[in-house]
Amino acid sequence: KTKLLQKKFFNKKKSFLFWMNSADYKKMKILNLHEYEYIIYAHSFTDAQLIWGVDSFSSMLDWLEFTINELNKRKKKIIVKAHPNFYLKNREIYYWERNKFSKVVEKYKKYNNILFINESINNYEIMEMLNKKCIAITHHGSVGIELIYNNFKVISSSCNQWDKKFKVSNIWHDIKSYKKILNLNWNSLKHHSKKDFFKLINNLFLREEGYFGKKFHLYRLRKYLIKNKNIKKNIDDFDKVTSEFNNIKNKKKIIDKLYISINDINV
C-alpha cells in the first residue's frame, strides 16, 4: 500500500508543485545555515488564528514569541523563517502581517544566536542548507509535510490540519507538554512513521475529497459559480473563489444546492 501511495503521489507531482510554488520567491543568499539547531516557521498573524482549535496560545504571535523565548533561554541557535504570505502585496492584510513580523525581528535582533529569514525564500533551498539534525517547529503549517518528507524531525501542535493519530510529528497539546518537547534533544525526538505519512498524503491530496480531487469542496464550488456566471472562468485560485463567494448575498441557495451529507464521504 505504501508503494502504491508513493506512485500516486508522484503522479500528481506537477499539480502539487504548482500548488506549493504560488509565491514569488527570491534566491537564497544566506550560506551558513548548517550550524543552526532549530528552525521555526512563522504563521499568519491575522488569518484564522484558532481554526484548528485551542492549545493554550491565544494567537500565532503569542506562540511564535513563546517558542523563541524558550529556546533562547538555552542559548540555542535558531532560525525564524517568515511566512511567504508576508510579502504578498495585493491585499492590505499582508501589510499588517509584514508589520507584525518586523516588530518581532526588531525585538530579538540583539541576539546573535537568532537568525531571521525576513524575505520570501523557497523552503526547498533552505532545507538543502540545513543540518539534517536541525529540529523543525511549526504550529500547524503545511510546511510540516515538506519537512517530514525530507526526513526532518518536526514539532507541531495537536491543533493541526492532520489528526494526532498520524504519527508524523512530535505533538504538544498545551504549554506544559510544549515546554517538555522543546527541552528534548534531537536524539529524544521521534522520526515520523512512513506508513502514517503516506496515509496522510493520501487523505489530504489523493482522495477525491482531497485538494486535487473532483469532490474537493472548493473545486465543486468554483465549478458551480462559473456555471451560474457568479465568477469568471479564469479564476482558478481557491482564495479568490472563497472571496467571490463571500461577496454573494444569497449564499443559502448555493449551499443547499451543493450540500453533501457527511455519510456520503468516504474516509
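Criteria and cut-off values
- Residues numbered from 1 in each chain as written.
- Predicted model: local features only at pLDDT ≥ 70, side-chain atom pairs only at ≥ 80, totals over all residues.
- Heavy atoms only, no water.
- Pairing = 2+ DSSP bridges.
- Helix = DSSP H or I, 4+ residues; strand = E, 2+ residues; numbered from the N terminus.
- Axes fitted to C-alpha atoms, helices over the stretch in contact; angles between N-to-C directions.
- Contact = heavy atoms within 4.5 Å.
- Parallel < 35°, antiparallel > 145°, perpendicular 65-115°, else oblique.
- Left-handed = near helix turned anticlockwise from the far one by under 90°.
- Nonpolar A, V, L, I, M, F, W, Y, C, P; charged D, E, K, R; others polar.
- Patch = residues over 30% accessible without salt bridge, like charges linked within 9 Å, V, L, I, M, F, W, Y side chains within 5 Å.
- Areas by Shrake-Rupley, 256 points an atom, 1.4 Å probe, with all protein chains shown as cover.
- Salt bridge = Lys/Arg side-chain N within 4 Å of Asp/Glu carboxyl O.
- Lys, Arg positive; Asp, Glu negative; His and termini not counted.
- Charge placed at Lys NZ, Arg CZ, Asp CG, Glu CD.
- Buried < 20%, exposed > 50% of the residue type's maximum accessible area, 1.4 Å probe, protein only.
- pLDDT = per-residue confidence, 0-100.
- Expected span 1.5 Å × (residues − 1).
- Arc of directions from axis to C-beta.
- Phe/Tyr/Trp six-rings, centres within 6.5 Å; stacked < 30°, edge-to-face > 60°.
- Lys NZ or Arg CZ within 6 Å of the ring centre and 35° of its normal.

1. Concerning the sheet that holds strand S1 (residues 38-41)
Okay, so step 1: Read from one edge to the other, the open sheet built from six strands follows the order S3-S2-S1-S4-S5-S6, with strand pairing classed as parallel. Two strands close off the open sheet at either side, each with one partner strand: strand S3 (114-117) and strand S6 (170-172). When strand polarity is set aside, the average angle formed by the axes of neighbouring strands in this sheet is 20°.
Okay, so step 2: As paired elements, strand S2 (residues 78-81) and S3 share four bridges and run parallel to each other. Bridge assignment links valine 80 to a residue of S3, and that residue is phenylalanine 116.
Okay, so step 3: The sheet strands contacting helix H3 (residues 60-73) are S1, S2, S3, strand S4 (135-137) and S6, and the helix crosses S1 at an angle near 170°.
Okay, so step 4: Packed on one face of the sheet, helix H7 (residues 175-182) meets S1, S4, strand S5 (154-157) and S6 and runs near 150° to S6.

2. Comments concerning the packing of helix H9 (residues 217-227) against helix H11 (residues 251-258)
Okay, so step 1: Contact geometry for H9 and H11: axes closest at 11 Å, N-to-C directions at 120°. In terms of orientation, H9 lies oblique with respect to H11. For the element pair H9 and H11, the recorded crossing hand is right-handed. Contacts between H9 and H11 pair Arg220, Leu221, Tyr224 and Leu225 from the former with Ile254, Lys257 and Leu258 from the latter.
Okay, so step 2: Considered class by class, the residues forming the contact of H9 with H11 number five nonpolar, no polar and two charged.

3. A closer look at a positive patch on the surface
Okay, so step 1: On the surface, a cluster of positive charge is made up of Lys165, Lys167, Lys190, Lys195 and Lys199.
Okay, so step 2: Inspection of the secondary structure assignment puts lysine 190 in the loop between H7 and helix H8 (194-206).

4. Quick notes on the side chain of histidine 192
Okay, so step 1: Topologically, histidine 192 is positioned in the loop between H7 and H8.
Okay, so step 2: When its relative accessible area of 13% is taken as the criterion, histidine 192 is described as buried.
Okay, so step 3: Not counting residues up to four positions away in its chain, the partners in contact with histidine 192 are Ile148, Asn151, Lys167, Val168 and Phe197.

5. Details of the pattern of salt bridges
Okay, so step 1: Evaluated as defined, the whole model comprises five salt bridges.
Okay, so step 2: For lysine 107, the salt bridge goes to glutamate 65, with nearest N and O atoms at 3.3 Å. One end of the pair, lysine 107, is in helix H4 (residues 92-108); the other, glutamate 65, is in helix H3, with 42 residues separating them in the sequence.
Okay, so step 3: Overall, lysine 107 belongs to the partly exposed group, its relative accessible area being 44%.

6. Re the confidence of the model for the protein
Caution applies to low-pLDDT regions: their predicted coordinates should not be interpreted in detail.
Okay, so step 1: In the predicted model, the protein carries a mean pLDDT of 81, and the fraction of residues at 70 or more is 81%.
Okay, so step 2: Per-element mean pLDDT across the protein ranges from 39 in helix H2 (residues 13-20) up to 98 in S1.
Okay, so step 3: Counted against residues more than four places away or in other chains, residues 1-22, with its pLDDT under 50, gives 25 contacts.

7. Details of the packing of H3 against H7
Okay, so step 1: The contact between H3 and H7 brings their axes to 10 Å, and the two run at 40°. Comparing the axis directions of H3 and H7 gives the class oblique. H3 and H7 meet at a crossing whose hand is right-handed. Contacts between H3 and H7 involve Trp63, Phe66, Thr67, Glu70 and Leu71 from the first element and Ile175, Tyr178, Lys179 and Leu182 from the second.
Okay, so step 2: For the contact of H3 with H7, a count of residues per class yields six nonpolar, one polar and two charged.

8. Some points on H4
Because each turn of an α-helix spans 3.6 residues, side chains separated by three or four positions in sequence point in the same direction.
Okay, so step 1: Between its first and last C-alpha atoms H4 spans 26 Å; for 17 residues at 1.5 Å apiece the expected length is 24 Å, and the two agree.
Okay, so step 2: Here H4 has its buried residues at Tyr94, Glu97, Phe101, Val104, Val105 and Tyr108. The buried residues of H4 occupy an angular sector of 100° when the element is viewed end-on, so they sit on one face. Residues of H4 that are exposed and point over 90 degrees away from its buried face: Glu92 and Lys103.
Okay, so step 3: Buried residues belonging to H4 abut H3, S2 and S3.

9. Overview of the packing of aromatic side chains
Any aromatic ring pair is given by two values, namely how distant the centres are and how the planes are angled relative to each other.
Okay, so step 1: This structure, assessed with the given rule, holds twelve aromatic pairs.
Okay, so step 2: Between phenylalanine 197 and phenylalanine 198 the ring centres are 5.3 Å apart and the planes differ by 70°, which places this aromatic pair in the edge-to-face class. Here phenylalanine 197 and phenylalanine 198 have matching classes, each one buried.
Okay, so step 3: Following the ring pairs from residue to residue traces out a cluster consisting of Phe45, Phe86, Tyr87, Phe101 and Phe116.
Okay, so step 4: The ring of tryptophan 186 carries lysine 153 above its face, with NZ or CZ at 3.7 Å from the centroid.

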